[in-house]
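Topology and contacts: notes
Now for the letters of each chain:
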Amino acid sequence: MTFQATAPQSVRPAGIATRFLKTLRRRDFLAGAALVDGRWFSKGEREHVIDPATGERIADVARCSATEMELAIASAERSFPAWRELLPVRRGAALRAWASLMLDHAEELSILVTSEQGKPLAEARQEIAYAAGFLDWFAAEGERSYGETIPSHKAGSLLQVRMQPIGLAAAITPWNFPVAMITRKAGAALAAGCPIIVKPAPETPLSALALARLAEQAGFPPGVLQVLVGNPMELSRPLLSDTRIRALSFTGSTEVGRLLLKGAAESVKKVSLELGGHAPFLVFDDVDVGKAVKGAIAAKFATSGQDCLAANRIYVQRSIYSAFVDEFAAAIAGLNVGHGLEPSTDIGPMTKLSVAQKCRAQIDDATQRGARVFSPKQEAALGPHFVAPTLLSDATEEMLIAREETFGPVAAVLPFDSEEEVIARANANEMGLAGYVYTDSLRRALRLSEQIECGMLGVNTASFTGPPIPFGGWKQSGLGREGSRHGLAEYMELKYVCFGDLAV
Ligand code: NAD
């Protein structure tokens, strides 16, 4: 098997983000002010926002401290009684108004996302639609937060279970989906009747603060939704220690998730964690190779690989292994690397340099251990945050890439022989967020859907997320669920009430 490397090259596009940002009609999206207690906070020190593709400073945002966080918690507490008492249909109307404003400003929000996060503009547009969808969906789901009536085991009594808002909520969100990870958490909390304080990732504050502008315009009362940017540890400390914060939702690394879980233990908060994955992608020899390659490319390279659902270990049955690798290599040769604001770009920069470094370390490790490397594009001229789409074939379980999440555009393809063997290999990992199975056998699909240890499984598809599905993982991939009615329940308490002495 021979790999033919092509080397199209694009130059580092200096100033492109600034040019796009100048076109924004909503200049307030660039003010860099935090939303605390219904006011725009922009005093004191500022954080720089950097275009990861070029390293250029594109904006500044106000750096909040623990003092502003204390103000935000007090404000959320004040806002809670009225928000909780509002009819669900009225809370839903505010969420729908917010979603509608997001869609009205979809192009401007997309430009903000691509400028600070790096993903191709077409993917940023998809993220805005996906993100607004959570607000619409939770608006309706809040109206359906039915309780239960239990057939009584006690004479003359009525047994009810009610769903009530848990109290103040906090969200710590990541940089890979800087808009959708806010609406997936805030949509659920607000629909449930809980005020929420959002601390976005320092790399992607502009889109988070623009969302706050639109929420204010949609009519959320002061304190119901607040967004504060600053040092993650300084801002999370009050959120963890304050007993008034009853629910904490986090998306990010397992390492930070563990720290937050420990921190929340003191005040016994309800914690939901979405901690990334290491998804196995299983391709059996009864399937059409072209279809499986298409799925694997989508599951690996969306969001430039910076996706917790990304296929990290692509297992291919030996009889079709060689054909799969050839077709996969041909497909990645067609992926263009560049600035996300250039229309031809499929793969943008890694938002954080550390992610690019981790990709390179995994490639080096795999090369030393005997993997064959195919990478048709040259990344160096584009800058340190870029990683060219790379195929590591003949990968083995000993390699770093088979043991830990990559979070970048590097694909490991490993051969397997039997179903039993590949199930054991897929499950021999502490992560369990997503999995993928490609097979034309219904019996096999049913067996695997039972046996793969993960929270979400795609059978013959690489696309399965959206507001109605319970997003979350098994094992060290997290706790709790987002989206779906289960996502709403993360922000609610059950109350069992027994009405006695009802016999006539
Ligand atoms: P991270 O966990 O450090 O960052 C996620 C969020 O946590 C950000 O808002 C960050 O500011 C905050 N944070 C960081 N340290 C904190 C602390 N001590 N206390 C409170 N908040 C803190 O993730 P990262 O370092 O930016 O990325 C590293 C890896 O995490 C990635 O390579 C990937 O594997 C994983 N990750 C997963 C997801 C996901 O969608 N599940 C998203 C981002 C990162």
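Residues numbered from 1 in each chain as written. Predicted model: local features only at pLDDT ≥ 70, side-chain atom pairs only at ≥ 80, totals over all residues. Heavy atoms only, no water.

1. With respect to the packing of aromatic side chains
Applying the stated criterion across every chain yields a total of 11 aromatic pairs. Here the aromatic rings of W175 and F407 are separated by 5.6 Å at their centres, their planes lie at 90°, and the arrangement is edge-to-face. Taken together, the residues span a long stretch of sequence, with W175 in the loop between strand 7 (168–172) and helix 6 (180–192) and F407 in the loop between helix 13 (400–403) and strand 16 (410–416) at a distance of 232 residues. Comparing W175 with F407 shows no difference in burial state: the two are buried. Aromatic ring contacts, followed pair by pair, group F281, Y436, Y438 and F464 into a single cluster. Just above the ring of F80 sits the side chain of R84; from NZ or CZ to the centre is 4.5 Å. In this structure, R213 is placed above the aromatic ring of W40, and the distance from its NZ or CZ to the ring centre is 3.7 Å. (Phe/Tyr/Trp six-rings, centres within 6.5 Å; stacked < 30°, edge-to-face > 60°. Helix = DSSP H or I, 4+ residues; strand = E, 2+ residues; numbered from the N terminus. Buried < 20%, exposed > 50% of the residue type's maximum accessible area, 1.4 Å probe, protein only. Lys NZ or Arg CZ within 6 Å of the ring centre and 35° of its normal.)

2. Quick look at the domain arrangement of the protein chain
Here the domain parsing of the protein chain yields domain 1 (16–275 + 479–494) and domain 2 (279–466). Just the C-alpha atoms count here: the centres of domain 1 and domain 2 sit 31 Å apart. Taken together, the 26 residues of domain 1 in the interface contact 29 residues of domain 2. Of all residues in domain 1, the largest losses of buried area upon contact with domain 2 belong to P52, A53 and W175, amounting jointly to 25% of the total for that side. Taken together, the connections running from domain 1 to domain 2 amount to 1 salt bridge. (Domains from an automatic or database assignment. Contact = heavy atoms within 4.5 Å. Buried area = accessible area lost by both parts, 1.4 Å probe. Salt bridge = Lys/Arg side-chain N within 4 Å of Asp/Glu carboxyl O.)

3. With respect to the sheet that holds strand 22 (residues 492–499)
To summarise the sheet geometry, strands pair through backbone hydrogen bonds and adopt either a parallel or an antiparallel arrangement. What the 3 strands build is an open sheet, ordered 5-6-22; its pairing is antiparallel. Each edge of the sheet is formed by a strand with only one pairing partner; in this case those strands are strand 5 (148–150) and strand 22. Going from strand to strand, the sheet's axes swing by 25° on average, the running direction of each strand aside. (Pairing = 2+ DSSP bridges. Axes fitted to C-alpha atoms, helices over the stretch in contact; angles between N-to-C directions.)

4. What about the site of the ligand?
The full set close to the ligand counts 26 residues, and T173, W175, S253, K352 and E405 are the nearest of them. At a separation of 2.6 Å, an oxygen atom of the ligand approaches a polar side-chain atom of W175. One of the side-chain nitrogen or oxygen atoms of S236 is found 3.4 Å away from a nitrogen atom of the ligand. Summarising the interface, the protein chains cover 87% of the accessible area of the ligand, which totals 810 Å² for the free molecule. Cavity membership is defined here by more than half of the atoms lying within 2 Å of grid points; on that basis the ligand lies in the largest pocket. The residues that make up the shell around the ligand include at least three from each of domain 1 (16–275 + 479–494) and domain 2 (279–466). (Near = heavy atom within 4 Å. Polar contact = N/O pair within 3.5 Å; in protein donor to acceptor, adjacent residues only side chain to side chain. Areas by Shrake-Rupley, 256 points an atom, 1.4 Å probe, with all protein chains shown as cover. 1 Å grid on protein atoms, 1.4 Å probe; cavity = no way out; pocket = protein on both sides within 12 Å on 5 of 7 lines; lining within 4 Å. Sits in = over half its atoms within 2 Å of the grid points.)

5. A few points about the layout of surface pockets
Size it by volume and the largest pocket reaches roughly 1100 Å³. Lining the largest pocket are 41 residues, and of these F250, G252, S253, T254 and V256 sit closest to its centre. Elements with a minimum of two residues in the lining of the largest pocket: helix 8 (232–241), strand 10 (245–251), helix 9 (254–265) and helix 12 (353–368). Broken down by element, the lining of the largest pocket gets its largest block of residues, 6 residues, from helix 9. Considering only residue class, the lining of the largest pocket consists of 17 nonpolar, 13 polar and 11 charged. Counting contributing residues per domain, the lining of the largest pocket is built from domain 1 (16–275 + 479–494) and domain 2 (279–466), each supplying no fewer than three. The computed volume of the second largest pocket comes to approximately 820 Å³. Every residue lining the second largest pocket is counted, 42 residues in all, and those nearest its centre are Q126, F177, A302, T303 and D307. (Points joined across faces, edges and corners; volume = space filled by probe spheres on them. Nonpolar A, V, L, I, M, F, W, Y, C, P; charged D, E, K, R; others polar.)

6. Describing the side chain of H278
With respect to the helices and strands, H278 occurs in the loop between strand 11 (270–274) and strand 12 (279–283). Given a relative accessible area of 3%, H278 falls into the buried group. There is a polar contact of 3.0 Å between the side chain of H278 and the side chain of N312. The residues contacting H278, other than those within four sequence positions of it, are N312, R313, I401, A402, R403, E404, E405, N429 and M431.

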